[in-house]
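The primary structure of each chain is shown beneath.
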Amino acid sequence: MALMITDECINCDVCEPACPNSAIYQGEEIYEINPDLCTECVGHYDKPQCQQVCPIDCIPLDPDKVESKEQLLNKYHQLTASK
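The structure presented is a predicted model; accordingly, all values stated were derived computationally and were not measured. (Residues numbered from 1 in each chain as written. Predicted model: local features only at pLDDT ≥ 70, side-chain atom pairs only at ≥ 80, totals over all residues. Heavy atoms only, no water.)

**Q** What is the right way to read helix α3 (residues 69–81) from this model?
**A** Each full turn of the α-helix corresponds to 3.6 residues, which orients residues three or four apart in the same direction. Here α3 contains 13 residues, and its C-alpha end-to-end distance of 18 Å stays within 8% of the 18 Å for a straight helix at 1.5 Å per residue. The complete set of buried residues in α3 reads Leu 72, Lys 75, Tyr 76 and Leu 79. Along the long axis of α3, the arc covered by the buried residues comes to 105 degrees, so they all point the same way. In α3, those exposed residues whose orientation departs by more than 90 degrees from the buried face are Glu 70, Gln 78 and Ala 81. (Helix = DSSP H or I, 4+ residues; strand = E, 2+ residues; numbered from the N terminus. Expected span 1.5 Å × (residues − 1). Buried < 20%, exposed > 50% of the residue type's maximum accessible area, 1.4 Å probe, protein only. Arc of directions from axis to C-beta.)

**Q** Looking at this structure, how should I read a negative patch on the surface?
**A** A cluster of acidic residues, Asp 7, Glu 8, Glu 28, Glu 29, Glu 32 and Asp 57, forms a negative patch on the protein surface. Mapped onto the elements, Glu 32 comes out in strand β2 (residues 31–33). (Patch = residues over 30% accessible without salt bridge, like charges linked within 9 Å, V, L, I, M, F, W, Y side chains within 5 Å. Areas by Shrake-Rupley, 256 points an atom, 1.4 Å probe, with all protein chains shown as cover. Salt bridge = Lys/Arg side-chain N within 4 Å of Asp/Glu carboxyl O. Lys, Arg positive; Asp, Glu negative; His and termini not counted. Charge placed at Lys NZ, Arg CZ, Asp CG, Glu CD.)

**Q** Would you mind going over the environment of Leu 37 with me for this structure?
**A** For Leu 37, the position within the fold is in the loop between β2 and α2 (49–53). Between the C-alpha atom of Leu 37 and that of Cys 19, which follows or precedes it by 18 residues, the distance is 9.8 Å. Non-local contacts of Leu 37, meaning those with residues more than four positions away in its chain, are made with Asn 21, Ser 22, Ala 23, Lys 75 and Leu 79. (Contact = heavy atoms within 4.5 Å.)

Everything listed here is a matter of geometry and, on its own, says nothing about what the molecule does.
Spelled out as structure tokens, the structure:
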């Protein structure tokens, strides 16, 4: 699954630089996550870094973007192959 940022976000700016895939960006009102770039940090870290640094715990799994660990790892390989 990709992650998502809920409307409880306080725009504290700590999640965006923590994302190794640059999936987090400033939306119209709060930060948002591009699900095409989000690998839940699979391939980079053991745990999603945005969740680790978020002071208010507003970054849950997105139930509309279900992906297996294998799919996330494949996405990671595709994203890093082009770098």
